[in-house]
Amino acid sequence: MAAFIPSSILLELGQEFSSMPELDPILLSILTQIQNTVASEDSAIWLLNEAEVDITCVHAIGPQSAKMAGSVMRARKFVAAYRTATGRLTQIEDPLQSKWMDPKAYRASFNIDVRNMIGVPLVARGKLLGEINVLNKVGAPVFTHSDYDFVHETARHIALAVQNTQLYERNNRTTGRQKLLNQISRHLHQTLDIDELIPRIFIEVNKAINAEAQSIWLVDDEAGVIRCRFARGAGSESLMGLAVPLNAPSIVGTSVSKQESIIIKDAKNDPRHARSVDEKTGFVTRSLMTVPLVLEDKSIGAIQAVNKRDGQLFTRDDLDLFRSIADSAALAVNNAQLVADLQTSYDLTLDALSAALDLRDRETEGHSRRVVEYTACLAQQIGLDKESIKSIRRGALIHDIGKIGVPDAVLHKPGSLDEAERNIINLHPLAGYNMLAGIPYLREEIQIVICHQEKWDGTGYPNGLRGEEIPIGARLFAIADTFDALTSDRPYRQGCSYETARDIIVEESGRQFDPRAVEAFLAIPSYEWMQIRAKVMEEIAHRRSLQKRVF
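Not measured: the values here are computed from a predicted model.

Draft legend 1. Region of interest: unusual backbone geometry. Along the chain, Tyr461 connects to Pro462 via a cis peptide bond; the corresponding omega equals 10°. Here Pro462 lies in the loop between α17 (446-451) and α18 (472-487). Phi at Asn136 takes a positive value of approximately 65°, unusual for a residue other than glycine. Not every positive phi belongs to a glycine, and Gln259 is a case in point at roughly 55°. As for its placement among the helices and strands, Gln259 is situated in the loop between α9 (251-258) and β10 (262-264). When its relative accessible area of 36% is taken as the criterion, Gln259 is described as partly exposed.

Draft legend 2. Representation of the sheet that holds strand β7 (residues 211-220) within the structure. One open sheet holds the six strands; their spatial order is β9-β8-β7-β12-β11-β10, and the pairing between them is antiparallel. Each edge of the open sheet carries a strand with a single partner, namely β9 (243-245) and β10. The sheet shows a mean angle of 20° between the axes of neighbouring strands, direction not considered. Sheet analysis places β10 next to strand β11 (residues 288-295), joined by three bridges and oriented antiparallel. Across the sheet, residue Ile264 finds its bridge partner in β11, namely Leu288.

Draft legend 3. Just the packing of aromatic side chains, in detail. Following the criterion strictly, the structure yields eight aromatic pairs and no others. Ring plane angle 45° and centroid distance 6.0 Å describe the contact between Trp46 and Phe110, whose orientation is recorded as tilted. Taken as a pair, Trp46 in strand β1 (residues 40-48) and Phe110 in helix α5 (residues 103-110) lie far apart in primary sequence, 64 residues in all. On the basis of relative accessible area, Trp46 is assigned to the buried category, the value being 0%. Each residue in the set Tyr374, Phe483, Tyr498, Phe521 and Trp529 is aromatic and connected to the rest through ring pairs, giving one cluster.

Draft legend 4. Inspection of the pattern of salt bridges at higher detail. Taken as a whole, this structure holds 19 salt bridges when the rule is applied. When the shortest N-O distance is used, the salt bridge between Arg115 and Glu41 registers 2.9 Å. Taken as a pair, Arg115 in the loop between α5 and β5 (117-124) and Glu41 in strand β1 lie far apart in primary sequence, 74 residues in all. The exposure class assigned to Arg115 is partly exposed, which follows from its relative accessible area of 41%. For Glu41, a relative accessible area of 26% translates into the label partly exposed. The partner of Asp54 in a salt bridge is Arg74, and the shortest N-O contact between them spans 3.4 Å. One end of the pair, Asp54, is in strand β2 (residues 54-61); the other, Arg74, is in strand β3 (residues 72-74), with 20 residues separating them in the sequence.

Draft legend 5. Here's a closer look at the packing of helix α12 (residues 367-381) against α18. Look at α12 against α18: their axes get within 8 Å of each other, and the N-to-C directions meet at 130°. By the angle between their axes, α12 is oblique relative to α18. In this structure, α12 meets α18 at a crossing whose hand is right-handed. Listed contacts from α18 to His367, Arg370, Val371, Tyr374, Thr375, Leu378 and Ala379 of α12 are Gly473, Leu476, Phe477, Ile479, Ala480, Asp481, Phe483 and Asp484. Class assignment for the residues of the contact of α12 with α18 results in nine nonpolar, three polar and three charged.

Draft legend 6. Spatial organisation of the nonpolar core. Core analysis: the largest hydrophobic core is formed by 38 residues, its most contacted members being Leu378, Ile479, Phe483, Phe521 and Trp529. Mapped onto this core, the elements with two or more residues apiece are α12, α13 (386-397), α17, α18, α19 (498-507), α20 (515-523) and α21 (526-550). Beyond its immediate sequence surroundings of up to four residues, Phe521 is in contact with Leu378, Ile479, Phe483, Tyr498, Arg502, Ile505 and Trp529. If you look at the next biggest cluster of nonpolar residues, it comprises 27 residues, including Met20, Ile34, Ile45 and Val162.

Draft legend 7. How the structure looks around empty space enclosed by the protein. A full pass over the atoms with the stated rule returns one cavity of 30 Å³ or more. Here the largest cavity is characterised by a volume of approximately 50 Å³. Considering the residues around the largest cavity, the lining is formed by Cys451, Glu454, Trp456, Ile470, Ala474, Arg475, Ala478, Gln512, Phe513 and Asp514. Residue classes in the lining of the largest cavity are distributed as six nonpolar, one polar and three charged.

Draft legend 8. Seen up close, the layout of surface pockets. Of the voids in this model, the second largest pocket is the one considered here, and its volume is about 890 Å³. Forming the walls of the second largest pocket are 30 residues, and the residues nearest its centre are Leu48, Asn49, Glu50, Ala51 and Gln166. Put simply, the parts of the chain that give the lining of the second largest pocket at least two residues each are α2 (20-38), β1, β2, β6 (127-137), α6 (145-188) and α11 (316-360). For the lining of the second largest pocket, the element with the most residues is α6, which contributes seven residues. Considered class by class, the residues forming the lining of the second largest pocket number eleven nonpolar, seven polar and twelve charged.

Draft legend 9. A look at the confidence of the model for the protein chain. Per-chain confidence: the protein chain averages 81 in pLDDT, with 83% of residues scoring 70 or above. Taken together, the stretch residues 87-98 has pLDDT below 50 and engages in 29 contacts with residues farther than four places along the chain or on a different chain.

Draft legend 10. How the structure looks around the side chain of Lys308. Mapping Lys308 onto the fold places it in strand β12 (residues 298-308). Within polar-contact distance, the side chain of Lys308 engages the side chain of Asp318 at 2.7 Å. In contact with Lys308, other than residues within four places in its own chain, are Ile209, Asn210, Ala211, Glu212, Arg286, Ser287, Leu313, Phe314 and Asp318.

The rules behind the values
- Residues numbered from 1 in each chain as written.
- Predicted model: local features only at pLDDT ≥ 70, side-chain atom pairs only at ≥ 80, totals over all residues.
- Heavy atoms only, no water.
- Helix = DSSP H or I, 4+ residues; strand = E, 2+ residues; numbered from the N terminus.
- Buried < 20%, exposed > 50% of the residue type's maximum accessible area, 1.4 Å probe, protein only.
- Pairing = 2+ DSSP bridges.
- Axes fitted to C-alpha atoms, helices over the stretch in contact; angles between N-to-C directions.
- Phe/Tyr/Trp six-rings, centres within 6.5 Å; stacked < 30°, edge-to-face > 60°.
- Salt bridge = Lys/Arg side-chain N within 4 Å of Asp/Glu carboxyl O.
- Parallel < 35°, antiparallel > 145°, perpendicular 65-115°, else oblique.
- Left-handed = near helix turned anticlockwise from the far one by under 90°.
- Contact = heavy atoms within 4.5 Å.
- Nonpolar A, V, L, I, M, F, W, Y, C, P; charged D, E, K, R; others polar.
- Core = buried A, V, L, I, M, F, W, Y, C linked by side-chain atoms within 4.5 Å.
- 1 Å grid on protein atoms, 1.4 Å probe; cavity = no way out; pocket = protein on both sides within 12 Å on 5 of 7 lines; lining within 4 Å.
- Points joined across faces, edges and corners; volume = space filled by probe spheres on them.
- pLDDT = per-residue confidence, 0-100.
- Polar contact = N/O pair within 3.5 Å; in protein donor to acceptor, adjacent residues only side chain to side chain.

This is how it looks when you write it as structure tokens:
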């Protein structure tokens, strides 16, 4: 005979719940009705987590409930017991009978004396979700068949309500994660600067995955290693720059070489986890996910998340989301690397042009490199952004490129220049501008090339610009150029002291120089200027030694 389920239970379970917290009060209410109907001392509902690794007592009522509620147990034995007796409700009256949660297990785990018990798996649409346990019949030696039927039938309705709610939650999560992925994709493609891009990736990863630590690894094909390019979280300082040979056994190396996503739920007991990394960083890895960055069938790196917060384990959903983030990140990182390689190529070309000028004029060797560093220092002092400083550095490096067209007889003349020769020299900013005007990449940089001889009061050349008509990079450069010229030795004089150069620059504030730029110059300690000079000259000496080896 089919068990009679009160309409109140069916009405309660027939509602639509958007989350388990909404369903929880109903489950507790129904558990109370079950206990009253079958006359039991205690009853409990256990639910599997999504990964089917743990089973948690989400609700318990009765005199022994405090011992069970909130308890978490490994689910392996429970799942195995269910599969052994699929579809059959379990009746346990013999204390010696071995089941998942038998009287012996209750006694050992919770110190509860179980005389008799009904254990019914919660199954909906063929999916195992958990179990209801009803303990110790009151007023009778055993539970009746009617009791079994009632619990079994109620469990079927509970399982459907739980599964529907979990599906609703999962659907909401999927929709939310898709919105998050769209947002991440937009954020990742807003910059082509890899130094800005990588921290941005980790901000988004942390929002989505909620991990204690993350790292990104990029392949260095020439060195045959994969190197930690950026890390965030505990131990990140020790991890930054760490290189792992691609052919050495490691989780990140395996992920990259085999283009496999790896999830490790128990790093402590997994032989794939290199404990030496934890020893180096002082970080304790409990669980981790590693996903390769793959573009057009080529691995360019990997991203890794370590230890989900609040002691949780990474789930298959987390791994799927991580893969999606990796797909967007791979394209963004590759684009940023291409741009970085192109910029490096441009910079090396500009450096070669500047070196050619230095070789042509040994008297000012190192001048271009010193004024680059001096101008960048001033730009940082007034708070210019990184991209502006990059452009200013390039412009300062090639500021005198127009002197390539100046005859040696004029450029190297030991005495004073006559008016005609001075006019030739004065054309070099315009000549440099015309040489570079057709290169879109240098459209900001050539402002320094053409304006580096302009003066704040309008008496400079070639266009007689005044005040803020002169680009900020050129205004800063003017001070750097004068400072280097004053403090550098020439065949016809010795360089002056910092103090003398400082006084001359202060005197020219408001005439030759932008007063704001002069204030920035004065705010920088003298020893910093000396350190910059020493570093540049050390680099020049190193370059000379390399040239001697070649020839």
